[in-house]
Amino acid sequence: MYKSIRPLKFFLIIGTACAISTACTSNMTAENNVVDKSEAVIAPIDSSYAKPGAAVRMVHNYSGQSTPGSIENIRVSFINEHPNSKMTVTVSNSPDIRLFDDIRQHRFENIAQKRGDIDVQFSTQSKSPQALNFVTTIELEDGQVWRRAHSIPVNAGKSGAFGKTTDKSVAPANVSSDGVIVMEAEETITTE
Amino acid sequence: MTRISKLSVTALSAAILAACGGGGGGGGGTVTPPPPPPADTTAPTVSFSPTTLSVDSGQTGTSTVSASDNVGVTSGPNVSCDNGGSFSGSTFTAPTTETDVTVTCTATASDAAGNQGSATLTVDVTGVPIDSEAPVVTFDPSTANAMGGELVNINLTATDNVGVTTGPTATCDNGGDFFNNQFTAPDVSVDTTVTCTGTAEDAAGNIGTATLTVQVTPAPDVLAPLVSFNPTTLTVASEGTGSSVLSATDDRGVTVGPNVTCDNGGSFANNTFTAPATNVELTVTCTATAEDAAGNSGQDVLTVTVAAAGAKVTISGNVTFDFVPHSNVTNGLDYANTSQRPVRGATVEALDGSDAVLDTTQTDASGNYSVNVDLNTDVRIRVKSELVQTGTASWDVKVTDNTNNHNVYAMQGGLTSSGAANSTRDLNAASGWGGSDYTSSRVAAPFAIMDPIYTAIQKFVAVDSTVNFPAMEFRWSTSNTSGGNGSAADLAAGRIGTSSYIGNGTSGNVYILGDANNDTDEYDRHVVVHEWGHYFEDRMSRSDSVGGGHSLSNRLDMRVAMGEGWGNALSGMILDDPVYRDSLGAGQGSGFNFSVESNTHSTAGWYNEGSAQSIIYDVYDSAADGADNLSLGLGPIYETLTATSYTGSPAFTSIFLFLNELKSQQAGSATDIDAISAAQSISGTDEYGAGETNNGTVLSSLPVYKTVTVGGGAVEICSVDDQGNYNKLGNRAFLKLNIPTSGSYTITMTRKSGATGRDPDFYLFQAGSQVAKADAGTADSDTFTGTLQAGDYSIDAHDWNNVGSTGVTPGDACYDFSVN
């Protein structure tokens, strides 16, 4: 995601996300004239060479860990870097997450608005890793439409046990003795 | 109904008149009762017709009996006979008698007055003698000898004094049969006596019988045992084995064998043939023999072809994967139109039961393969999601699972015997789509990712037959989601953020999303090629891009615009489809698109990826549109990006560097190149964009490079956030510097105007490699002092607040930049 030869500050990773609206202020003071660059930051959008899509950043204040059955209230913010555009955010979830708000689409009509906030209330009983999914759609004044998908991992199981395991289409990986992930092919055999 | 006679009525009337004084005489006289009616004295008339009969003993005759009366018959006619005769209805039945006798039958009838009439029938019965003699039944001859199964003609007859009414017929015991004057002896294994009884009957019920006695001896055994091999031919390897079931049966029983002898060193036991060792093909004949007690012998032959040591059979076939196209309406995936496409250039292995490789090859451009393995060996075919070639032109692309130790994916068939003849095994990787969601393994995904890369590689090989692509991986997993921060732990868990290329000039890999119902990219071929384009730029050419989010409407850092425009254009060139599509959302049913052929960009310029993609694609394609009259194809583009004058240029990678190099190589097309550049509002010349007039609404962005000289005084540069931050136009200022002589130099960047408390930083590059920097957190100034080699440098100078994220305060500030 990050190019290692580029300025190192771009590679610093923050431990927890920090919403722009909260007190994440510049830690540069006039007294010491020194900017504390030890604090990890997240690049505005992934610093990797990302695929094209809507230039929308998502920030949120979810801790990343829940108690099974507990109700979480989080704020998810979408920072729109497109000029003069309308933004729609579509919310969906993994099967074992319950969303308490029936509204699944949030529309931000103000073309000058650069940010849209969504309050999400949810809970999960499953200890398997889950996810809250968001698809942002940007409509430009000239009619162009851009989209990008975002995801917030939700974990109510063992702390740190990340990784999506709810995809029922995936059979447990079968790794051969020589380290190859083998999957069964549809085979037709004909003998001469 | 009782008839009342006229006499009675008259009498009654007279009586009534008399009672009513009808006789005159004047009143007061005695009534005289009428006289009673006269009594019925007439008997019924009875008759037989005829009145006489003549019948034989026991036979019948017919005579009609009737009775009538003046008043009415109240009883009869009833008939009785003497001398044993009987009469019923109108039938007389004579008694059985051997002597003549006369039978008299009398019929009587009565009326109400008791009058009785009668009639007589006289029957002369002729006596008939009684038959007590049974029919005479004869077998001729009455005795015989026969062998089992033999037919013997024997005459069965029956005669009777009166007449045979039933038979003659015969039944036999001990399995014998007699019909139509022919005796059939049963098959016996020991001497057996068969007795047949003949029977006939006459009309009197007399039954006559006769006996036939046949001594049956066993027939000679002339049937040989039936011996059989199944199958009767085999093909086995040298020192190999083959199975053939040997059986022997006999009607009387097998007493010897079956025994088998083989020639040419073969052997047979327990239904298994074992071949000798041989270096040449040879034929082995095995003969099985069995006998019965009579000495009859049967045999069969097994013919075995023994292949020479090392002989092989060929397993060939066609390998395909489920390809899912896009909907031109929704830009989502159109699963209903899934088709099979060949898996091209992939590694194919024939494995034994222990995953040892018996043979290996690659699929061709049509997906066909062929491997050779030993006869009668359990083999499975495995196809890896990798493209590997060594030699003059080389590449090594693998699709691996970043959540599973970066193991490569493969599809494989079942473990089946190779047999003794060539065979075909076709394999297909299924998409896993179950109609409304993925319901089974997404086997096709790795091969769908690999397919457009095969095309890309082949197109570059066509323009450079000696091209060597460094090894790289496409890392895909169904767990790859758009969450995460890009840490190593996140990547290993699948939180890759988005499909992207992560590299550093010496190595790099592409991560591909696989999050069903949110965002998957395995079938988004333009995405796959776009990211591979970053790999190409990074490893085959040169990229100075700082990455980050981007879109066609952004005014970007020129290095980012070039890199992203190149990736977009490349996807259109490789796939011969200028419409870039990306599916996402529930069921992968929605998405978006844009055309790299489009030349209309609201933010056109040297800082716009849309402009970069338009220019590069117009250089390539054969369609003349707008200002585009170029059709140079992929070759000149490849030559431009890989030229040492490009990769080693002191200038940063940008559309200026690209156009400058292209025009130097394609001088004859310079005018047309300038035309498409101008159409994108790009006027700068040389690799530094000298003379560029389009500032993209950011005044401080021009000139593109500010020139700073040693001891030449301060040059003003600015870092602004007008277009956003991190990788937008104006965040970073570019300078070019020439160091005339290697030595120690001091470079300073000091705030000149704008907000205070900023954090100026700068980085020095030579040919894209960072050689020096100053990025301390000192407010409003930063300094580098150190040794610099002689040469040309490009400098990236900025306010960290405009390229960082949280914890920063973006804003505008300008600085004095000097070198001493």
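Rules used in this analysis
Residues numbered from 1 in each chain as written. Chains lettered and ligands numbered in written order. Predicted model: local features only at pLDDT ≥ 70, side-chain atom pairs only at ≥ 80, totals over all residues. Heavy atoms only, no water. Helix = DSSP H or I, 4+ residues; strand = E, 2+ residues; numbered from the N terminus. Buried < 20%, exposed > 50% of the residue type's maximum accessible area, 1.4 Å probe, protein only. Contact = heavy atoms within 4.5 Å. Areas by Shrake-Rupley, 256 points an atom, 1.4 Å probe, with all protein chains shown as cover. pLDDT = per-residue confidence, 0-100. Salt bridge = Lys/Arg side-chain N within 4 Å of Asp/Glu carboxyl O. Pairing = 2+ DSSP bridges. Axes fitted to C-alpha atoms, helices over the stretch in contact; angles between N-to-C directions. Phe/Tyr/Trp six-rings, centres within 6.5 Å; stacked < 30°, edge-to-face > 60°. Lys NZ or Arg CZ within 6 Å of the ring centre and 35° of its normal. Expected span 1.5 Å × (residues − 1). Polar contact = N/O pair within 3.5 Å; in protein donor to acceptor, adjacent residues only side chain to side chain. Parallel < 35°, antiparallel > 145°, perpendicular 65-115°, else oblique. Left-handed = near helix turned anticlockwise from the far one by under 90°. Disulfide = S-S within 2.5 Å.

A.B. asks: Help me understand the overall build of chain A in this model?
C.D. replies: On a plain count of helices and strands, chain A comes out with zero helices and 12 strands. Counting over 192 residues, chain A shows a buried share of 49%. Within chain A, counting contacts between residues at least 6 apart in sequence, those at least 24 apart form 65% of the total. Summing over all exposed atoms, chain A offers an accessible surface of approximately 8900 Å²; the carbon and sulfur share of this is 51%.

A.B. asks: Can you walk me through the confidence of the model for chain A in this structure?
C.D. replies: Do not read the predicted coordinates in detail wherever pLDDT is low. Residues and elements named next belong to chain A. Within chain A, residue pLDDT values average 72, and 67% of them lie at 70 or more. The weakest mean pLDDT in chain A belongs to strand β1 (residues 49–50) at 88; the strongest belongs to strand β11 (residues 180–184) at 97. This stretch, residues 1–47, has a pLDDT under 50; its non-local contacts, to residues over four places away or in other chains, come to 133 contacts.

A.B. asks: How should I be thinking about the pattern of salt bridges in this particular structure?
C.D. replies: Under the defined criterion, the tally for this structure stands at 33 salt bridges over all chains. Between B:Asp576 and B:Lys459 there is a salt bridge, with its nearest N and O atoms 2.9 Å apart. Highlighted residues: B:Asp576 in the loop between α5 (558–575) and β43 (579–584) and B:Lys459 in helix α2 (residues 444–463), separated in sequence by 117 residues. A residue is classified by how much of its surface remains accessible, and B:Lys459, at 21% relative accessible area, is partly exposed. Within the structure, one salt-bridge network assembled from shared partners comprises A:Lys51, B:Asp519, B:Asp521 and B:Asp582.

A.B. asks: Which parts of the structure should I look at to understand the sheet that holds strand β4 (residues 85–93) of chain A?
C.D. replies: Each strand in a sheet pairs with its neighbour through backbone hydrogen bonds, running either in the same direction (parallel) or in the opposite one (antiparallel). All names here are of chain A. Within the open sheet, the four strands sit side by side as β6-β4-β8-β9. Their pairing is antiparallel. Only two strands of the sheet have a single neighbouring strand rather than two, namely β6 (105–108) and β9 (145–154). Along the sheet, successive strands turn relative to each other by an average axial angle of 15°, direction set aside. Summarising the sheet, strand β8 (residues 130–140) and β9 pair through 10 bridges and their orientation is antiparallel. Opposite Thr 136, over in β9, you have Arg 148 as the bridge partner.

A.B. asks: Any chance you could explain the packing of aromatic side chains here in plain terms?
C.D. replies: One pass over the full model with this rule turns up 32 aromatic pairs over all chains. Residues B:Phe139 and B:Phe178 carry aromatic rings whose centres are separated by 5.4 Å and whose planes lie at 80° to one another, so their mutual orientation is edge-to-face. Of this pair, B:Phe139 sits in strand β10 (residues 136–140) while B:Phe178 sits in strand β15 (residues 177–179), and the two are 39 residues apart along the sequence. Members of the aromatic cluster, joined through ring pairs, are A:Tyr49, B:Phe460, B:Phe469, B:Tyr501, B:Trp532, B:Tyr535, B:Phe536, B:Trp566 and B:Tyr638. Above the ring of B:Tyr438, the side-chain terminus of B:Arg442 is found at 4.4 Å from the ring centroid. Lying across the ring of B:Tyr726, B:Arg732 places its NZ or CZ 5.3 Å from the centre.

A.B. asks: How should helix α6 (residues 609–620) of chain B be read in this particular structure?
C.D. replies: For an α-helix, the turn length of 3.6 residues means that residues three or four places apart are oriented alike. Residue and element names in this part refer to chain B. Over its 12 residues, α6 runs 16 Å from end to end, which matches the ideal 16 Å to within 8%, given 1.5 Å per residue. Taken residue by residue, α6 has Glu 609, Gly 610, Ser 611, Ala 612, Gln 613, Ser 614, Ile 615, Ile 616, Tyr 617, Asp 618, Val 619 and Tyr 620 as its buried positions. Considering only its buried residues, α6 is in contact with α2, α5, β44 (590–595), α7 (634–642), α9 (655–665) and α10 (670–678). Its side-chain oxygen 3.0 Å from the backbone nitrogen of Gly 610, Asn 608 forms the N-cap of α6.

A.B. asks: Just to check I follow, could you spell out the sheet that holds strand β14 (residues 164–172) of chain B for this structure?
C.D. replies: All names here are of chain B. Strand order in the open sheet formed by four strands is β11-β18-β17-β14, with mixed pairing between adjacent strands. Edge strands, defined here as strands with exactly one partner in the open sheet, are β11 (143–147) and β14. Strand-to-strand, the axes of this sheet are offset by a mean angle of 20°, without reference to chain direction. Direction of pairing for β11 relative to strand β18 (residues 207–217): parallel, over a ladder of five bridges. Bridging across to β18, Ala 144 finds its partner in Val 214.

A.B. asks: Please explain the environment of B:Ser553 as it appears in this structure.
C.D. replies: When you line up the elements, B:Ser553 lands in the loop between α4 (525–539) and α5. Sequence separation between B:Ser553 and B:Asn608 is 55 residues, and the spatial gap between their C-alpha atoms is 7.5 Å. At 3.0 Å, the side chain of B:Ser553 and the side chain of A:His82 are in polar contact. In this structure the side chain of B:Ser553 is engaged in a polar contact, spanning 3.1 Å, whose partner is the side chain of B:Ser551.

A.B. asks: Sorry, what's going on with the packing of α6(B) against α9(B) here?
C.D. replies: Helices that pack against each other are described as a pair by the angle of their axes relative to one another and the distance between those axes. All names here are of chain B. Running from amino to carboxyl end, α6 crosses α9 at an angle of 20°, the nearest separation of the two axes being 11 Å. Here α9 runs roughly parallel to α6, going by the angle between their axes. When the axes of α6 and α9 are compared, the crossing they make is left-handed. Between α6, through Ala 612, Ile 615, Ile 616 and Val 619, and α9, the contact on the second element is made entirely by Ile 655, Phe 658, Leu 659 and Leu 662.

A.B. asks: For this particular structure, what's the right way to read the state of the cysteines?
C.D. replies: By definition, a disulfide is the covalent link that joins the sulfur atoms of two cysteine residues. Residues and elements named next belong to chain B. Across all of its chains, the model carries four disulfides over all chains by this definition. In this model Cys 81 forms its disulfide with Cys 105; the gap between the sulfur atoms is 1.9 Å. Measuring the twist about the S-S bond at about 105°, one finds the Cys 81-Cys 105 disulfide to be right-handed. Residue Cys 81 is located in strand β5 (residues 73–81), and its partner Cys 105 is located in strand β8 (residues 101–111); the two are separated by 24 residues in the primary sequence. Judged by its relative accessible area of 23%, Cys 81 is partly exposed. Classification of Cys 105 by relative accessible area gives buried; the value is 0%. With its sulfur 2.0 Å from that of its partner, Cys 172 forms a disulfide with Cys 196. Around the S-S axis, the bridge from Cys 172 to Cys 196 shows a dihedral of about 105° and counts as right-handed. Of this pair, Cys 172 sits in strand β14 while Cys 196 sits in strand β17 (residues 192–202), placing them 24 residues apart in sequence. Overall, Cys 172 belongs to the partly exposed group, its relative accessible area being 21%. On the basis of relative accessible area, Cys 196 is assigned to the buried category, the value being 0%.

A.B. asks: Looking at this model, I keep getting lost on the packing of α5(B) against α7(B). Mind explaining?
C.D. replies: All names here are of chain B. Between α5 and α7, the shortest axis-to-axis distance is 13 Å and the interhelical angle comes to 150°. Classed by the angle they form, the pair α5 and α7 counts as roughly antiparallel. Crossing hand, α5 versus α7: left-handed. For the pair α5 and α7, contact is made by Met 562, Trp 566 and Met 573 and by Leu 634, Ile 637 and Leu 641, respectively.

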